[in-house]
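Coordinates in review
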Amino acid sequence: MPRTELAEAAGLDLAAGGIAVDAALRTSAPDVYAAGDVAAHDHPRHEGRVRVEHWSNAKDQGTHVAGNLLGGHDAYGADPYFFSDQYDLGCEYRGLADPAHDELVLRGDPDSREFLAFWLRDGRVTAALNVNLWDHGDALTALVGTRARVSARQLAEADLNTLTTAGAADRR
C-alpha cells in the first residue's frame, strides 16, 4: 500500500488508494506533483484513475514531472507497463485491461509457458502480455498504443507487424 500519510496531513486529495493527481500529475495543491506508485493518475485515455506499482512507472512519471516543473504542461499519457521475472518465467504487460468487460485472446499455448495474451474491447486492443516470448515487444506496444482495431482471429493468427500498420491506418 502506498504511504499517503504525509499527503493526507498536508491536505492533498486522495483517491484510488493513492494521491489524486490530474493528467499532468499535479496534486490538489498548487505546484505540488506526485509520481510513481503513490500517484492515482487521471489518465487521459483510461477511464478513472490509474495507479501503477512498478519502478519503471515511477522513473517515467518522475521524468515527466521534471519537464512540467520546468514549464511544460503536458498530460502524462504513457500506457501502464510492467515486467517481471520469476525463475524461468518472464513477462511484460502493457496497457490496461478490464477483465470483466474485455475479451481475452490467447496466441500460443499457456501450458508451454510461451504465449501472448491480448485484451479486446469493442474490437480494439486495450492490453497485451508476452510470456517468455521476447521478439514481439515493439509490435505489442504499437497495438496497445494505437488501440488497433483488429479481430480476435487476427490477433491469434496474423503477423503482428502487419496488424500494427493496419492499426495506424485505422486511426486516420
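Preceding block: the structure.
1. Considering the overall build of the protein chain
Counting its secondary structure elements, the protein chain contains 5 helices and 9 strands. Starting at the N terminus and walking to the C terminus, you meet the elements of the protein chain as α-β-β-β-β-α-β-β-β-β-β-α-α-α. A principal-axis box enclosing the C-alpha atoms of the protein chain has dimensions of 50 × 40 × 30 Å. Taken across its 172 residues, the protein chain has 41% of its residues classed as buried.

2. Things to note about the pattern of salt bridges
Applying the stated criterion to the full structure yields 10 salt bridges. Lysine 59 is the salt-bridge partner of aspartate 60, the closest N and O atoms lying 2.8 Å from each other. With a relative accessible area of 34%, aspartate 60 lands in the partly exposed category. Taken together, the shared-partner salt bridges in this structure form one network comprising Arg45, Asp79 and Arg147.

3. Considerations on the packing of aromatic side chains
Using the criterion set out here, one finds 4 aromatic pairs in the structure. Judged by centre distance (5.9 Å) and plane angle (90°), the rings of tryptophan 55 and phenylalanine 83 are edge-to-face. Placement of tryptophan 55 in helix 2 (residues 55–69) and of phenylalanine 83 in strand 5 (residues 81–86) is noted, with a sequence separation of 28 residues between them. Classification of phenylalanine 83 as partly exposed rests on a relative accessible area of 30%. Ring centres 5.3 Å apart and planes at 25° place the aromatic pair phenylalanine 82 and tyrosine 93 in the stacked group. With phenylalanine 82 in strand 5 and tyrosine 93 in strand 6 (residues 89–95), this residue pair connects regions lying 11 residues apart in the sequence.

Reading guide: rules and limits
The residue numbering used here restarts from 1 in each chain and proceeds along that chain's sequence as written. Residues qualify for local features only when their pLDDT is at least 70, as the model is predicted, and side-chain atom pairs are given and counted only at 80 or more; totals for whole chains, interfaces and linings, by contrast, use all residues. Each side-chain value is derived from all of the structure's non-hydrogen atoms; neither hydrogens nor water enter the calculation. In DSSP terms, a helix is any run of H or I states spanning at least four residues, a strand is any run of E spanning at least two, and both are numbered starting from the N terminus. Throughout, exposure labels follow a simple rule: accessible area from a 1.4 Å probe, protein chains only, divided by the maximum for the residue type, with under 20% read as buried, over 50% as exposed, and the rest as partly exposed. Throughout this description, the term salt bridge denotes a Lys or Arg side-chain nitrogen within 4 Å of a carboxyl oxygen of Asp or Glu. Aromatic pairing here means that ring centres of Phe, Tyr or Trp (its six-membered ring) are within 6.5 Å. Orientation follows from the plane angle: under 30 degrees is stacked, over 60 is edge-to-face, and everything else is tilted.

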